[in-house]
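The chain contents come next:
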Amino acid sequence: MLEIKNLHAEVEGNQILRGIDLTVKPGEVHAIMGPNGSGKSTLSYILAGKEDYEITEGSITYNGVDMLELSADERAVAGMFLAFQYPIEIPGVATMTFLKTALNAQRAARGEEELSTPDFMKLVREKSKDLKVTPEMLRRPLNVGFSGGEKKRAEILQMALLEPTLCILDETDSGLDIDALRIVSEGVNQLRSPERSMIVITHYQRLLDHIVPDVVHVLSKGKIVKTGGKELALELEANGYADYVGEEA
Amino acid sequence: MTAQNQRVLSAAETGFVEAFAATHGKQSDGLSEARRAAMARFEAAGLPHRRIEEYHYTDLKAKLRSAIALSARAEVAAPGALGEVETQGRLVFVNGRFDAALSNVEALAGKISVSAWAEKAEAPAHDTAAFPRADALVDLNTAFVQGGATITVAGGEKLEKAVEIVHVAKGEGASFSRIDLVVEAGADVLVLESYQGDSGAYLRNTLTTLEVGDNAKLTWVKLQEEAESATHLASASANLGKGAELSQFLFDAGSGLSRSQFAVAFNGEGSNAALRGVSLLKGDSHADITLSVDHKVPECDSREYFKAIVDDKARSVFQGQILVKPDAQKTDGQMMVQSLLLSESAEVNVKPELEIFADDVQCAHGSTTGEIDEDLLFYLRARGIPEKEARKILILAFLGEVIDELDDARIGPLLTSRISNWLHV
Ligand SMILES: Nc1ncnc2c1ncn2[C@@H]1O[C@H](COP(=O)(O)OP(=O)(O)OP(=O)(O)O)[C@@H](O)[C@H]1O
Ligand SMILES: [Mg+2]
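Residues numbered from 1 in each chain as written. Chains lettered and ligands numbered in written order. Predicted model: local features only at pLDDT ≥ 70, side-chain atom pairs only at ≥ 80, totals over all residues. Heavy atoms only, no water.

1. Some thoughts on the site of ligand 1
Residues and elements named next belong to chain A.
Moving on, step 1. Neighbouring ligand 1 are 14 residues, the closest being Gly 37, Lys 40, Ser 41, Thr 42 and His 203.
Moving on, step 2. At 2.8 Å from an oxygen atom of ligand 1 is found a main-chain nitrogen or oxygen belonging to Gly 37.
Moving on, step 3. The contact in question runs from an oxygen atom of ligand 1 to an N or O atom on the side chain of Gln 85, over 3.2 Å.
Moving on, step 4. Burial of ligand 1 by the protein amounts to 63% of the accessible area it has alone, namely 630 Å². (Near = heavy atom within 4 Å. Polar contact = N/O pair within 3.5 Å; in protein donor to acceptor, adjacent residues only side chain to side chain. Areas by Shrake-Rupley, 256 points an atom, 1.4 Å probe, with all protein chains shown as cover.)

2. Section: the nonpolar core
Moving on, step 1. Among the nonpolar cores identified, the biggest contains 122 residues, and Leu 2, Ile 4, Leu 47 and Ile 199 of chain A together with Phe 249 and Leu 415 of chain B are the most heavily contacted of them.
Moving on, step 2. It is helix α6 (residues 387-406) of chain B that provides the largest number of residues to this core, a total of 10 residues.
Moving on, step 3. In terms of domain composition, this core takes at least three residues from each of domain 1 (16-268) and domain 2 (373-425) of chain B.
Moving on, step 4. Beyond its immediate sequence surroundings of up to four residues, Ile 199 of chain A is in contact with Leu 2, Leu 22, Val 24, His 30, Ile 32, Leu 47, Cys 167, Ile 168 and Leu 169 of chain A.
Moving on, step 5. Counting residues in each nonpolar core, the second largest holds 47 residues, with Phe 93, Ile 151, Phe 318 and Ala 358 of chain B among its members. (Core = buried A, V, L, I, M, F, W, Y, C linked by side-chain atoms within 4.5 Å. Buried < 20%, exposed > 50% of the residue type's maximum accessible area, 1.4 Å probe, protein only. Helix = DSSP H or I, 4+ residues; strand = E, 2+ residues; numbered from the N terminus. Domains from an automatic or database assignment. Contact = heavy atoms within 4.5 Å.)

3. Observations regarding the coordination of the magnesium ion (ligand 2)
All names here are of chain A.
Moving on, step 1. Donor atoms from the polypeptide that bind the magnesium ion (ligand 2) are Ser 41 (OG) and Gln 85 (OE1), placed at 2.0 to 2.2 Å. Residue Ser 41 is found in helix α1 (residues 40-48), and its partner Gln 85 is found in the loop between β6 (80-83) and β7 (90-94); the two are separated by 44 residues along the sequence. Per residue, the accessibility class of Ser 41 equals that of Gln 85, and both read buried. (Donors = N, O, S within 2.8 Å, 3.2 Å for Na, K, Ca; no water.)

4. Thoughts on the layout of surface pockets
Residues and elements named next belong to chain B.
Moving on, step 1. Within this model, the largest pocket holds a volume of roughly 610 Å³.
Moving on, step 2. Together, 34 residues line the largest pocket, and Phe 131, Pro 132, Arg 133, Ala 263 and Ser 292 are the ones closest to its centre.
Moving on, step 3. Among the secondary structure elements, those contributing two or more residues to the lining of the largest pocket are β6 (173-183), β8 (202-212), β10 (231-240), β12 (257-266), β14 (286-295), β16 (315-324) and β18 (347-356).
Moving on, step 4. Among the elements that line the lining of the largest pocket, the one with the most residues is β14, at five residues. (1 Å grid on protein atoms, 1.4 Å probe; cavity = no way out; pocket = protein on both sides within 12 Å on 5 of 7 lines; lining within 4 Å. Points joined across faces, edges and corners; volume = space filled by probe spheres on them.)

5. Here we look at empty space enclosed by the protein
Residue and element names in this part refer to chain B.
Moving on, step 1. According to the stated counting rule, one finds three cavities of 30 Å³ or more in the structure shown.
Moving on, step 2. Around the largest cavity, the lining comprises 16 residues; the ones closest to its centre are Trp 220, Lys 222, Ala 236, Ser 260 and Gln 261.
Moving on, step 3. Mapped onto the lining of the largest cavity, the elements with two or more residues apiece are β7 (188-197), β8, β9 (217-225), β10, β11 (245-252), β12 and β14.
Moving on, step 4. Tallied by class, residues from the lining of the largest cavity come to eight nonpolar, six polar and two charged.
Moving on, step 5. Space inside the second largest cavity adds up to approximately 60 Å³. (Nonpolar A, V, L, I, M, F, W, Y, C, P; charged D, E, K, R; others polar.)

6. Notes on the interface of chain A and chain B
Moving on, step 1. At the interface, 31 residues of chain A touch 17 residues of chain B.
Moving on, step 2. Note on chain A versus chain B: buried area summed over both sides is about 1800 Å², and carbon and sulfur give 70% of it.
Moving on, step 3. Sorting the residues of chain A by area buried against chain B places Asp 73, Phe 84 and Ile 88 of chain A first, and these three jointly supply 27% of that buried surface.
Moving on, step 4. Where chain A touches chain B, the interface holds four salt bridges.
Moving on, step 5. Residue Arg 381 of chain B is joined to Glu 51 of chain A by a salt bridge in which the shortest nitrogen-to-oxygen separation is 3.8 Å.
Moving on, step 6. There are eight residue pairs in polar contact (both at pLDDT 80 or more) connecting chain A and chain B. (Buried area = accessible area lost by both parts, 1.4 Å probe. Salt bridge = Lys/Arg side-chain N within 4 Å of Asp/Glu carboxyl O.)

7. Things to note about the sheet that holds strand β1 (residues 2-11) of chain A
Residue and element names in this part refer to chain A.
Moving on, step 1. Pairing within the open sheet is antiparallel, and its four strands lie in the order β2-β1-β4-β5. Only two strands of the sheet have a single partner each, and these edge strands are β2 (14-24) and β5 (65-66).
Moving on, step 2. Two elements, strand β4 (residues 54-62) and β5, share two bridges in a ladder whose sense is antiparallel. Bridge pairing in β5 places Tyr 62 opposite Val 65.
Moving on, step 3. With respect to the sheet, α1 is in contact with β1, β2 and β4, its orientation differing from that of β1 by roughly 110 degrees. (Pairing = 2+ DSSP bridges. Axes fitted to C-alpha atoms, helices over the stretch in contact; angles between N-to-C directions.)

8. Looking at the pattern of salt bridges
Opposite charge on two side chains makes pairing possible when the charged atoms of those side chains draw close.
Moving on, step 1. This structure, assessed with the given rule, holds 31 salt bridges over all chains.
Moving on, step 2. Arg 192 of chain A is the salt-bridge partner of Asp 214 of chain A, the closest N and O atoms lying 3.9 Å from each other. One end of the pair, Asp 214 of chain A, is in the loop between α8 (205-210) and β11 (215-220); the other, Arg 192 of chain A, is in the loop between α7 (178-191) and β10 (197-201), and 22 residues separate them in sequence.
Moving on, step 3. In this structure Asp 214 of chain A comes out as partly exposed when scored by relative accessible area, which is 39%.
Moving on, step 4. For Arg 204 of chain B, the salt bridge is made with Glu 226 of chain B, and the minimal N-O distance between the two is 2.8 Å. Taken as a pair, Arg 204 of chain B in strand β8 and Glu 226 of chain B in the loop between β9 and β10 lie far apart in primary sequence, 22 residues in all. Judged on exposure class, the residue Arg 204 of chain B and its partner Glu 226 of chain B are both buried.

Written as structure tokens, this is what we have:
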């Protein structure tokens, strides 16, 4: 279970998160919506352990462990996964090699045996087929020259391989065409399970038709200003954020 | 006495002058004349210092403090294989002298002729214009050279496997050796050269001359893996004929102080030279790579591509000069130097110099110096890869680009594994 309490964070003296409270239980899918610049990506980076932010107040625990004490790689080993809004290109690092290194690093950290190359290849082939990630893409350097949609599919492939217990998807739907949206959503839905929690950040109700959330939050100016069921997303789609963001201004 | 001679000699300079008087002052060999002339030049000019332009960042007068005796003959065990490279024939030099017992030149018979020597008395009369400019390191080499070899690859011979040249140092002392390599017209050869030594504070001075004949191809890979406390001073020059191809790779990872200077001259049209390398520096090591490319004739391409990893208080110096003479139309000269600083006290000096006297040419140089990209590091760590491992991956990726560009399957794996080994220390 993820518990975020009264989380305040700033970067270079600018307060970005201003007291976030959020509890995500195993098996739940929470959607976070909210205007541009409200702090959604910041929250996801802080969860994943990016070091650029100063946490001035509050706490993050996952399964009872203080996440703020862990480095990014330790958090990944603890089960966290962030699908980046803007997956970064890493020249010189072959996608396949990277996937194997990441998987085996996590296995080693958990005291599990490393996967042999044939077993690993089999696993990647299986998972990449579902996500329509081609062998040619896997041979290329990580994300280099991938189209926007290919990058997002590659993120979900990583998620499927690493099998995290807390998935944070930051605008995974942006830049996807209609077919890719379906492929990616199916990939995500396959991972839904009673043990796995998800936080889905999006601007569009459309994604939530595919990945149906249990809870929807509205984040505005670094605070959760409204929480509701999946119908909240429909209401936002119709009326915009005006009802929720006005009072803060 | 002339004013020039009243210059105060440093301890190191005096050491060389006295060592010369004691060894070569009276005796004679095939090189006596050249030796004496070189020593006279050295005595007049001394060790290069920072007011000499080519040595601005590498002040040898300040860095070489005390006198260092000449190395003695030594016996060593046969050096191990250099790595996963197919080889044929090997020349081994120990403390500057050719060691026939450890070498295997018979394997080269018929295709490559080798004439090697290890004693003053055997010293042949060398071409003394081995380097295009007056240089104290070349003069010291000529004055003291203890052993050498002339290696000639017969015209048209295309050899897939590498010829190994291994230079071993044992104990302290200064060693001087010289290799003259002639690749005759139409021949194709890979030379894999290694410099290695035990832990002594020795000094090595080498001189290499390369003649690449018309339509010949030379791939010259040099592994500079001297002991940490060693000083490595290497000078090389190359002359390229018509349609010749030179591909050079420098793996620059040893010695506390090194200078690798290489001068390439295009003498025949349509030839090309690619000089590449990686420097891996840590501790307080200082590595200087100084290149000059002389485009004398039209339609030649030169490419320089070097990368450096600089950790701790180490310092990397790169100087690259591209000279395009008036006749050298349609020259393509490209130079790129990229450095990755792994510590705040690491230092990099890059000095590109383009001198272009022809109008229809394409020349460019670029350099970048930076640190490991924190965003890339975060991405890898967010996938569960520990920081140390993630850094290694990024460093390998950074250096790998030069090996990829070299695109030579015979030596790529060797270089990659050398880099991985270095990173794991
Ligand atoms: N490193 C930084 N330095 C300064 N300001 C920053 C930094 N990172 C984020 N911010 C600011 O924090 C605010 C929140 O940014 P964030 O990226 O979290 O928004 P978001 O909700 O994800 O927006 P979008 O919907 O456009 O993706 C923005 O105003 C942004 O400019
Ligand atoms: Mg965002």
